[in-house]
Number of protein chains: 2
Amino acid sequence: MFTPDGTTVEVPPGTTLLAAATKAGVFVNSVCGGDGVCGRCRVIVRDGKVCGGSTEFFTRDEIRHGYILACQGHIASDVEVEIPPETRLAKPPERVEGEVPSLTDVSLLGRAGMQLTPLVTKTYLQLPKPSLDNNIADLQRLEQALRTATSFEKFQMGLKVTRRLPTLLRESQWQVTALSGHRGCLTEILDVEEGDTSRRNFAIAADVGTTTVVCHLVNLRNGQTLGCAAKYNSQASLGSDVIRRIIHASAKPENEAALREAIVGDLNELIDELTAKHHLGGTDVTLISAAGNTTMMHLLLGLPVENIRKEPYIGGAYRVPPLRAAEVGLKISPRGLLYCLPCVAGFVGADIVAGIHATGLSRSEKVRMLIDIGTNGEIVIGNKDFLICASASAGPAFEGAECRSGMRATRGAIDHIRLLDADRVLQYSTIGSEPPLGICGTGYVDLLSEMIRVGLVDKTGRLSVNATTERIRKSRSGESEYVVIHKQSAGNDSDIVITQGDVNNILRAKGAIFAAASVLLKAIDTTFDDLAEIMVAGAFGNFLNVEDAVFIGLLPDIDPKRMKFVGNTSIAGAKLAALSRECYEEIFQIADRTTYFELSTDPGFMDQFVSACFFPHTNIEMFPSVMAELGINKEQ
Amino acid sequence: MFTPDGTTVEVPPGTTLLAAATKAGVFVNSVCGGDGVCGRCRVIVRDGKVCGGSTEFFTRDEIRHGYILACQGHIASDVEVEIPPETRLAKPPERVEGEVPSLTDVSLLGRAGMQLTPLVTKTYLQLPKPSLDNNIADLQRLEQALRTATSFEKFQMGLKVTRRLPTLLRESQWQVTALSGHRGCLTEILDVEEGDTSRRNFAIAADVGTTTVVCHLVNLRNGQTLGCAAKYNSQASLGSDVIRRIIHASAKPENEAALREAIVGDLNELIDELTAKHHLGGTDVTLISAAGNTTMMHLLLGLPVENIRKEPYIGGAYRVPPLRAAEVGLKISPRGLLYCLPCVAGFVGADIVAGIHATGLSRSEKVRMLIDIGTNGEIVIGNKDFLICASASAGPAFEGAECRSGMRATRGAIDHIRLLDADRVLQYSTIGSEPPLGICGTGYVDLLSEMIRVGLVDKTGRLSVNATTERIRKSRSGESEYVVIHKQSAGNDSDIVITQGDVNNILRAKGAIFAAASVLLKAIDTTFDDLAEIMVAGAFGNFLNVEDAVFIGLLPDIDPKRMKFVGNTSIAGAKLAALSRECYEEIFQIADRTTYFELSTDPGFMDQFVSACFFPHTNIEMFPSVMAELGINKEQ
C-alpha cells in the first residue's frame, strides 16, 4: 500500500518499490530511471520488509525513519510505503499551460488561406439504388457517390469493411456515412456507418513530450477545440530524459515494450478522459495527430531507438505513413488512423517541425528564429526560402531535473524569486501558492539572475566564497551550496538549496542554447539583430521572466518587442495537421526543407559554448542592457 | 473408408457421405450441391450403417447392392463406401489444356511495346552507411536508394517491417533486397531481405474457374513460365455452377465460409505443388494475380454473393485494391500481395476482362469477337474504340453436366465420335483412351452433328421416333433416348445414352450463346461477316471440332480462317498483369471501358434465342456450308 493515497497493488516478491509504484499508477519522482544514482525516488517504508537499498543519499536520522530509494528497495513482504511530498509528482495543471490560443485557433487556417479539410472526413451519402440500368457493384457505387460529393479521386478499402458493405448498404436503405482517411494520393474508405453520423467526427491532437503528454480534443466539423488534458509521461520513472530512456530501451526488448506501453497507456488515459467528459462514443474519434521528439515518436511506434544515441545519431524512420491507430494500441475508433508528423534528425523531432508550421516560420518573408526549450534546446532560423535547425543538449536543468532542489513546474515549485541581498529573500512565489518544495526552471532563471545581482555568483558561475552570509555553506559532499529557503519555511522539512553543481548545470544549459543559436546565425552569416523576431516555445516559455533570461544570457539582448512567447507550438502544429490536409502535407515539406545543422561537428560550436558559459557571456558587449544595469562601461 | 482409394476420414455421426468425402479429399460427382435432386453422387455402402436416402434414382437391383446418394445418406457408424467409376471425378490432365503459348509468352509484352515491370519487384541495394554528413533515418535511406534504383516515387511501409528495419540493415551490412509492391500511385515496400535475394522473385497466375482451377508459376525476373498445375475446384461438391453455389452460400454463413475455404485450399494445394516441384522457399513467391468469374472472385475474397443472383445482379465489389495474400489465407510469402483483376458485372468477370487484354481485343484496329464458353457463355465485341460484352446462361451442358451420360472432359469421356448410320457407331475416342464412361462437351457437339447427319435428330432437335434403329428407346421415365454405347462396351457397366432432355439442354446452350452473339452484333449494327476475327476461348475450345460446331449452329458459318482458338485467355491475362504494371493498369481501364449489355432486358434476345434453338438455325441461310452439306437449295 502506498500512502498517503492508500493505493494498493500486488506484485511478485523481489519487485522494486519503484516498479510497484509505476504499476500502481503512483507517481514517484525519478531522474536516473532506476539506476540508484539520482537519489530522487525517496520513500519511507512504514511497515513490512524491503531488502536492499543504499544509504548514501540519506542522513542517519532519515535512515532510522525508514527512508530508502524506491528503485533500490526490493519488496520481501506486504509493505506500507509512504511517498513523501518531495518525491510525489503533483497532478498536472487543469488547464494546459503553454498554449497560445492564436496558434491553435482554426482561424489561423483562414488566415493562411487554407480550408477546413480534416485528415479524416465523414460524408453522408444517399446512394442511388441499384437497377438494371445502374448495376455497378456496391463498392463502386459508394466510391462513385463519394467522388461526386468530395474532391477525392482514388480509393482503397480494407477487406473486412468490403465484406460487410453489401449487407450494410441494404440494411441502411442506401443511406450511409463514409469515413475517408487521407493517405497521400489515395483515400482510404476507413469505414461505412449506417445513416448520417457525419456530425460525430473528432480528432485527438497529441504532443508527446519527454516529461508531459498533452492531448487536445478537436471537433473536425468546425475546427473547435473542445477540451485539453495533460499528464506526466509515465516513462519518466524509467528514465528522466531521452538519452536515459534510450539506454533503458536498448538494454532488453522488454524495456522497449515497457516504454511503449507506458506512453500508449498515457495517451489512452487522456483520450478516455476527454471522450468521457464530452460524451463521445467509441467510433467518434477518428484520428490522432501526434507530434513529439524523435525518440518519443520512435517509442510510441515501437521502433528501435538505440542508434539515435550513437554517432551518427540515426533514427529508424523520420516519416511514416498513416497507421491504423489500433495497431499501435491507441483506443480511438477501431478503424481510425494515427498520423505521425515527420522528424528531421535524431534530435530534431516532429515537435519542432510542427512548431515551424504553427508559427508560420516557413511562410515568413522575414527571417525569424524559433527556440524550443526542453531537455534539448532546438533552434530554428528561417523564412519561406530556407530553414536551418540545430539541437543542443541542454540537459534537464531547466525542467528542474538534476539539480539538488530542482523539480518540475508543478505545485510547490518556486517559479519566481527576488533577493533583497545575499542574506535575505525579498519575495518568492510557488506554483499553486503552496509551501515551497523545490525550484523549477523559471525559478532557477530568476534565482541565478538575482544571485548575480547581489554578488553571490560571479560571471564565471562561481558561488562567492567571500559572501558575508551564512546561507553559503559546504554540503556533506564538500560542495558549496546556497540555502534559498530554510527547512523551517519549506513544505517538506528540507532546506531548499542551490549548489555549485546546479549553477554549473544551468550555466551549461543556457550556454548550449545560446551557443547553438549563435553558431546557427553565424552559419548563415547573420546576427540576432538581423532577426525580425525571436519566438520562444516550450511549456517553459510561458512563465519565463524575459529580463532575467537575458540577464543570465539565456536569451539575447534584443528589443523585447521582437521577442515572443509562443507556448506549445508542437500541439498547435499537430492540431493544424488534423484539421487540414494541406497543413499536413506542408509539414512534410517543412521536414524536407529543413536543413539539419550538426553542432557536434562544427569547430565553432565549442568556442561559442565556452564563451557562452559565462553570466551573461564572455563578450559582455553583446548584452548592452546587462552592462548598463551592472554599470559597466564599454571601456572596462 | 472410401474404396477403391482406401482413404479414411473421421466425422461426427450424422454427417452426410458427401460431406465426409469432401473432407477426405475424395472427389464425388455432384451437380445439385447436395439437394438430392441431380442423382449424380451415387455411392455404394459396402459396410456399416447409413441412414436416410432416396430410392428414386436407383433400380431395385442397385438398391439391393447398397446404392445410395452420398448427399442423402447420413453416417450412423463406421462405414465402408465404394465410389463407383461413374461417380468418381478423374484427376485433371497433367498438362494444362487450353493454353495457347503465344498469349502467355512474355514476348507478347515486347510486341505490345511493354516492359517487364512486375507488380512486385525485388531490388538489391547497397546502401551508403550513415555518417554525420549523411544522417537520414534508416527508412528514408532505404527509400532514397530505392527511388534512385527504380522509377518508384512514393513509398509506404507497414509498421512491423519498419520496426525490424534498423537491426536488419545493420546486420546485413547495409546490403539488402527491397520488395516493392505496386499499389497504384504508391509503392509499398513489402519487406526487406538480407543480402541479394533479387533473383528469387516468382508469381502465381491463377484462373479460378467454376470447374477447374489452374495455376502457373512465373519467374518475375525474365517472364518465363516455369510450370502449370490444375485441379478441380473443390467447391463443385457444394454446387456445380455459380447459381447453385450462390444459393448454397446464401443459406448460412458457414456455407459461405466452406466455399471460401474450399477455393483457398485448392489454390494453396496448387501453390504447394508448384513451389515444391521447383524447390522454391516460403518467401520466393511474392504475388498472386487472380482472374475468375465474378462469383468465384467474390467467394475467394469472402465477399457476399447473394445479390449477384437476384435482379439487378449486383456484386459487392468489382475492383478491389491489392491485398495481403495472407489475409485471404493464400500461402505465398507472408508479405506477398494478391492482385485480383477487375470484373465488369455480376456475370462478366475478371476472366473475361483478362481475356480481352490477353487477346489484344482492346488494342485492335479491326472489330473482333471473343466467345468464352463455360457454364455461362460470355461474348465480347470490340476494338481499341469500344468494347461491349454480354453473358448468356448456357447451362453446364457443354461441361458435360446435367446430361444423363454427361461428364467433364476427363479420362473416359467420349470427346469425338462418328456415326456410320443411325444404328452403327463408326468410331469414337475417349480422353486417356480408356473405356467410355460418358460424354463430355466436345463429344456432344460431335454426336449431335452426326445424329443430325444420319437423321436421328431433326432441325427442331426432336429425336426421330421413326428411325429404324433399336438404339432409340423409351427410358424408365418415358423419355426418348438414344443408346450411344451399350453397357457391354462401356467402362462402368451402364448404357451411355443421349436423351431428348440432353438434346434440349445442348440446343438451349448453343442457342443462348449464338443468340447472345447475334444480339450484341445487332446492337452495334454489324454482322458476323464484318468481324475481322472470332476468337473462341475456354478449355472447351481446344478440343472442339469447328466444322461440327458450325454444323449444329454453335458457331457462325464464316471462313474458318477467321476463326481462332485462343485457349485459356483468363490465365494469360492474369500472367500479363503479374509481369507488367502497365498491363495490370490497362486491365482496369478495360473493365472501365467495357459496356455491359444486359440480355435479359433486351426485347430482341428472346426472339434470337428462339430462332437459334434450331439445328443449325431457323434461318438456315445464315449457314450456307451447312445448306450445301445437307443439299438444301436456297429455294427450299
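This text follows the structure it describes.
Conventions we followed
- Residues numbered from 1 in each chain as written.
- Chains lettered and ligands numbered in written order.
- Predicted model: local features only at pLDDT ≥ 70, side-chain atom pairs only at ≥ 80, totals over all residues.
- Heavy atoms only, no water.
- Helix = DSSP H or I, 4+ residues; strand = E, 2+ residues; numbered from the N terminus.
- Buried < 20%, exposed > 50% of the residue type's maximum accessible area, 1.4 Å probe, protein only.
- Contact = heavy atoms within 4.5 Å.
- Disulfide = S-S within 2.5 Å.
- Buried area = accessible area lost by both parts, 1.4 Å probe.
- Salt bridge = Lys/Arg side-chain N within 4 Å of Asp/Glu carboxyl O.
- Polar contact = N/O pair within 3.5 Å; in protein donor to acceptor, adjacent residues only side chain to side chain.
- Nonpolar A, V, L, I, M, F, W, Y, C, P; charged D, E, K, R; others polar.
- Phe/Tyr/Trp six-rings, centres within 6.5 Å; stacked < 30°, edge-to-face > 60°.
- Lys NZ or Arg CZ within 6 Å of the ring centre and 35° of its normal.

## Some points on the environment of A70 of chain B
Residue and element names in this part refer to chain B.
Turning to step 1, where the next piece is worked out: Residue placement: A70 occurs in the loop between β4 (67-69) and β5 (74-75).
Turning to step 2, where the next piece is worked out: Classification of A70 by relative accessible area gives buried; the value is 1%.
Turning to step 3, where the next piece is worked out: Excluding residues within four positions of it along the chain, A70 makes contact with T16, L17, L18, V28, C41 and V43.

## Focus on the state of the cysteines
Turning to step 1, where the next piece is worked out: One pass over the structure, following the stated rule, counts one disulfide over all chains.
Turning to step 2, where the next piece is worked out: There is a disulfide in this structure between C185 of chain A and C185 of chain B, and the S-S distance comes to 2.1 Å. Between C185 of chain A and C185 of chain B, the S-S torsion sits near 95°, and that sign places the bridge as right-handed. Linking C185 of chain A in the loop between β9 (175-183) and β10 (186-194) with C185 of chain B in the loop between β9 (175-183) and β10 (186-194), this pair reaches from one chain into another.
Turning to step 3, where the next piece is worked out: Here C185 of chain A falls in the partly exposed class, since its relative accessible area comes to 24%.
Turning to step 4, where the next piece is worked out: A disulfide-free cysteine, C343 of chain B has its sulfur positioned 8.5 Å from the sulfur of C340 of chain B, the nearest such atom.
Turning to step 5, where the next piece is worked out: In this model C389 of chain B remains outside any disulfide bridge; the closest cysteine sulfur is found in C343 of chain B, 11 Å from its own.
Turning to step 6, where the next piece is worked out: Relative accessible area serves as the criterion here: at 0%, C389 of chain B is assigned to the buried category.

## A short note on the interface of chain A and chain B
Interfaces are often described in size by the accessible area the parts lose on coming together.
Turning to step 1, where the next piece is worked out: Across the boundary between the two partners, chain A contributes 45 residues, which contact 45 residues of chain B.
Turning to step 2, where the next piece is worked out: Between chain A and chain B lies a buried interface of about 3,800 Å² when both sides are counted; carbon and sulfur atoms form 65% of it.
Turning to step 3, where the next piece is worked out: Contact with chain B buries surface across chain A, with L132, L159 and R163 of chain A losing the most and accounting together for 17% of the total.
Turning to step 4, where the next piece is worked out: The tally of links from chain A across to chain B stands at zero salt bridges.
Turning to step 5, where the next piece is worked out: Across the contact surface, chain A and chain B share 14 residue pairs in polar contact (both at pLDDT 80 or more).
Turning to step 6, where the next piece is worked out: Of all the secondary-structure elements, those providing two or more residues to the side of chain A that touches chain B are α5 (138-149), β8 (155-157), α6 (159-171) and α11 (325-328) of chain A.
Turning to step 7, where the next piece is worked out: Within the side of chain A that touches chain B, the residues separate by chemical class into 22 nonpolar, 11 polar and 12 charged.

## Brief notes about the packing of aromatic side chains
Residue and element names in this part refer to chain A.
Turning to step 1, where the next piece is worked out: Applying the stated criterion across every chain yields a total of 12 aromatic pairs over all chains.
Turning to step 2, where the next piece is worked out: Centre to centre, the rings of F514 and F528 are 5.3 Å apart; their planes meet at 35°, and the pair counts as tilted. Of the two residues, F514 sits in helix α14 (residues 500-523) while F528 sits in the loop between α14 and β26 (533-537), which places them 14 residues apart along the sequence. The two residues F514 and F528 agree in class, both being buried.
Turning to step 3, where the next piece is worked out: Summarising the aromatic geometry, the rings of F605 and F609 are spaced 6.1 Å apart at their centres and angled 15° between planes, so their arrangement reads as stacked. Of this pair, F605 and F609 both sit in helix α18 (residues 603-612), separated by four residues, roughly a single helical turn.
Turning to step 4, where the next piece is worked out: Accessibility expressed as a relative area gives 13% for F605, which makes it buried.
Turning to step 5, where the next piece is worked out: Among the aromatic residues, those joined into a ring-pair cluster are Y339, Y584 and F588.
Turning to step 6, where the next piece is worked out: Above the ring of W174, the side-chain terminus of R141 is found at 6.0 Å from the ring centroid.

Any link to function would need more than the numbers given here.
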